[in-house]
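# Fold and contact review
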Amino acid sequence: MISNSGTSTLGLYDLKRKIDAFGGVDYFRPTLAGGYLKNARVMLANGDIVQNKTSGNLTNDPNTDMTGWVKDNNSKLNVRKYGAKGLFNKDTRVGVAETQAFKSYVSDQQTNSWGSIDLAADIYDYLIDETLVFDKTVTIFGGSGSTYNRPEQPKKGSIVLADGLNLGFDFGANRPAPPLNFADMWCVKDLMVQPQTMKSKTQTAFAITGANDAPDRGINFVGVSAMGFDKCVYLPDQGTLTQGATMNFDGCVMSHNANVIVADNCVYGLRVVNNQMEANTASVIKGKFNAAVTIEDNMLEGNVNCIDLQSGTRVAFQSQVTIGANYFEWNKGDFVARIQGVYAWDDLYPTVVINPNFAYEIDALDYMIFKDRLHVQYNDVTHIATMAQ
């Protein structure tokens, strides 16, 4: 339940009422003592938000009796209103209905809400079996917050990609370069995503697919949880000079995947700070990057070939890579980090700054590898790795 100020007031009610009220499913039972306070808002089973506009508590069920209740037109739409039930489990597949509900909801939201969409999954999992396509600037709010997940016991509240679906979220819709600079901005916040079959690692959660030489910029993933994917975030090579710019990851938990961030074409500016990215079996950050690349204050335990960077592809810019204050433990593969200055103009080599990291029991063949034309400033003298040379 939501108070008049927008904050939760569930703490005012007994535990049974909390359980009944959560998610709008059988949320109200008149036999319970008490009622809903003045100005309190609740979500009905059909997804509508209603508000108590009386001077006291209301005990009538607004699903059947709207006396004293008023539809709250200021509240954001909820995907339940479009038919999503959130009933997915291993034995009950409701993918088609869920996907159509999400597509209708996304279409209405993109038309009416200036690029801000709520995909709050509350305590349920929503199964989608078609890619959700976003063809213009959007900010997606998930409402779950980042949380550590394990394949054996996945938490509820996820957008679940059905088996056979290659891509969950398509930002850019593979649109060709427009005549003007239509660079779009993408932001995903507090959303949890996972595949239907947790250990398959064949699917991609998010892809940046716009083909524009003035690239999409301001690509932000904040508090996002993703587990069980081949790629969490993918930037395919669309034949453009740069595939994306100003890409940020902050407070995300992306673990137990094959790869986390993969850029087949150049990203102009990357910042990966304060994330938990563990137990990924192929890479955490892999691909082609230009301009400033900052990888700091991350938990990067148990990854294979954790950081694998190249300077950009078709256009070379002077770049700086800074890696520091990360936690490395039980990292495996050929290296913990490999940085290659493949593309450079004359003496404009990429600069690499390695600041102190915590590194313990490293099983990779090498700790850091630097190749081709680079200026390297190596300050990481405190690591205590045990390396197999």
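Since the structure is predicted, the reported quantities are computational estimates derived from the model, not experimental observations.

Hydrogen bonds between backbone groups are what pair the strands of a sheet, and the pairing can be parallel or antiparallel. One open sheet accounts for five strands, arranged 5-8-11-14-17; its pairing is parallel. The two strands at the open ends of the sheet, each matched to only one other strand, are strand 5 (126–128) and strand 17 (253–254). Both strand 8 (residues 159–161) and strand 11 (residues 192–195) contribute to a ladder of three bridges, which runs parallel. Bridge pairing links Leu161 to Pro195 in strand 11.

Tallying each qualifying case throughout the model produces one cavity of 30 Å³ or more. By volume, the largest cavity amounts to about 80 Å³. Taken together, Phe289, Val293, Leu309, Gln310, Ser311, Ser319, Val321, Ile339, Gln340, Gly341, Pro350 and Leu374 make up the full set of residues lining the largest cavity. Where the lining of the largest cavity is concerned, the elements lending two or more residues are strand 19 (283–296), strand 20 (307–311) and strand 23 (335–341). Residues of the lining of the largest cavity, tallied by class, amount to seven nonpolar, five polar and no charged.

With antiparallel pairing, the three strands of this open sheet are ordered in space as 1-2-3. Because the sheet does not close on itself, it has two edges, and the strands there are strand 1 (41–43) and strand 3 (69–71). Across the sheet, the axes of successive neighbouring strands diverge by a mean angle of 35°, strand direction being ignored. Of the pairings in the sheet, the one linking strand 1 to strand 2 (residues 49–52) comprises three bridges and is antiparallel in character. Residue Met43 lies in a different strand from strand 2, and its bridge partner there is Ile49.

How each quantity is defined
Residues numbered from 1 in each chain as written. Predicted model: local features only at pLDDT ≥ 70, side-chain atom pairs only at ≥ 80, totals over all residues. Heavy atoms only, no water. Pairing = 2+ DSSP bridges. Helix = DSSP H or I, 4+ residues; strand = E, 2+ residues; numbered from the N terminus. 1 Å grid on protein atoms, 1.4 Å probe; cavity = no way out; pocket = protein on both sides within 12 Å on 5 of 7 lines; lining within 4 Å. Points joined across faces, edges and corners; volume = space filled by probe spheres on them. Nonpolar A, V, L, I, M, F, W, Y, C, P; charged D, E, K, R; others polar. Axes fitted to C-alpha atoms, helices over the stretch in contact; angles between N-to-C directions.

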